[in-house]
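Architecture at a glance
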Amino acid sequence: VPAKHYWFRQKSQGEGGAAEQRQPMDASRVALLAATGGLAGFASGLLGIGGGTVVSPVLALFTDLPQVSAVATSLAAMFVPSAVALATHHQLGNVRPRMGAVLAVGTAAGAFVGARCAINAPDGALEGAFGGGMAFLGLRTLLKS
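Residues numbered from 1 in each chain as written. Predicted model: local features only at pLDDT ≥ 70, side-chain atom pairs only at ≥ 80, totals over all residues. Heavy atoms only, no water.

1. Some words on the overall build of the chain
Across its full length, the chain carries five helices and two strands. By residue count, 17% of the 145 residues in the chain fall in the buried class. Taking as baseline every contact in the chain between residues at least 6 positions apart, the subset at least 24 positions apart corresponds to 34%. Surface exposure of the chain reaches about 10,500 Å², of which carbon and sulfur atoms provide 67%. (Helix = DSSP H or I, 4+ residues; strand = E, 2+ residues; numbered from the N terminus. Buried < 20%, exposed > 50% of the residue type's maximum accessible area, 1.4 Å probe, protein only. Contact = heavy atoms within 4.5 Å. Areas by Shrake-Rupley, 256 points an atom, 1.4 Å probe, with all protein chains shown as cover.)

Here it is as structure tokens:
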């Protein structure tokens, strides 16, 4: 099936509220998304990162998606690769299930609250929070090693 037959949905605010628009994805966009997914999957399996640090910024910078939609789309895309990486690491004996379960409960609650905040965030707030958070975590990681 040619790439031009793939579509993505983008919600935009119009006079009548949220309207759904469909825009065709050309071959270059499909290639960008596939390469981004490959990089995110690699980073996820190697470092435990991916969606938030690779996919969200690429979607925000190289598509016309607003930041909140880039984050939401990234979350959708990372579900399956996260499960694959988890299964692989579990087979290798690297997973601590009890610790993971406790983290999952906290993460689920935080994700719910964070998603609600993201929907109502003013322009530029998500970008600033993301950039600041990545800078802080990167610095802490470098200082730790």
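2. Topic: a nonpolar patch on the surface
Taken together, the side chains of Leu39, Phe42, Leu46, Leu47 and Ile49 define a hydrophobic patch exposed on the protein surface, amounting to about 520 Å² of accessible area. Within the secondary structure layout, Leu39 lies in helix 1 (residues 27-47). (Patch = residues over 30% accessible without salt bridge, like charges linked within 9 Å, V, L, I, M, F, W, Y side chains within 5 Å. Salt bridge = Lys/Arg side-chain N within 4 Å of Asp/Glu carboxyl O.)

3. Let's talk about the packing of helix 1 against helix 3 (residues 67-91)
Any two packed helices are characterised by how steeply their axes cross, that is the angle between the axes, and by the distance between the axes. Contact geometry of helix 1 with helix 3 gives a least axis separation of 9 Å together with a crossing angle of 35°. Read as a crossing pair, helix 1 and helix 3 show a hand that is right-handed. Across from Ala40, Ser44 and Gly45 in helix 1, the residues of helix 3 making contact are Met78, Pro81, Ala85 and His89. Of the residues belonging to the contact of helix 1 with helix 3, the class tally is four nonpolar, three polar and no charged. (Axes fitted to C-alpha atoms, helices over the stretch in contact; angles between N-to-C directions. Left-handed = near helix turned anticlockwise from the far one by under 90°. Nonpolar A, V, L, I, M, F, W, Y, C, P; charged D, E, K, R; others polar.)

4. Section: the nonpolar core
Judged by nonpolar contacts, Ala40, Ala43, Val54, Val55, Leu59, Leu65, Ala70 and Met78 together constitute the single largest core of eight residues. Within the residue set of this core, elements represented by two or more residues are helix 1, helix 2 (51-62) and helix 3. At three residues, the largest contribution of residues to this core is made by helix 2. With sequence-adjacent residues up to four places away left out, Leu59 is seen in contact with Leu33, Leu65, Ala70, Thr73 and Ser74. (Core = buried A, V, L, I, M, F, W, Y, C linked by side-chain atoms within 4.5 Å.)

Function-wise, these values are silent; they only describe arrangement.
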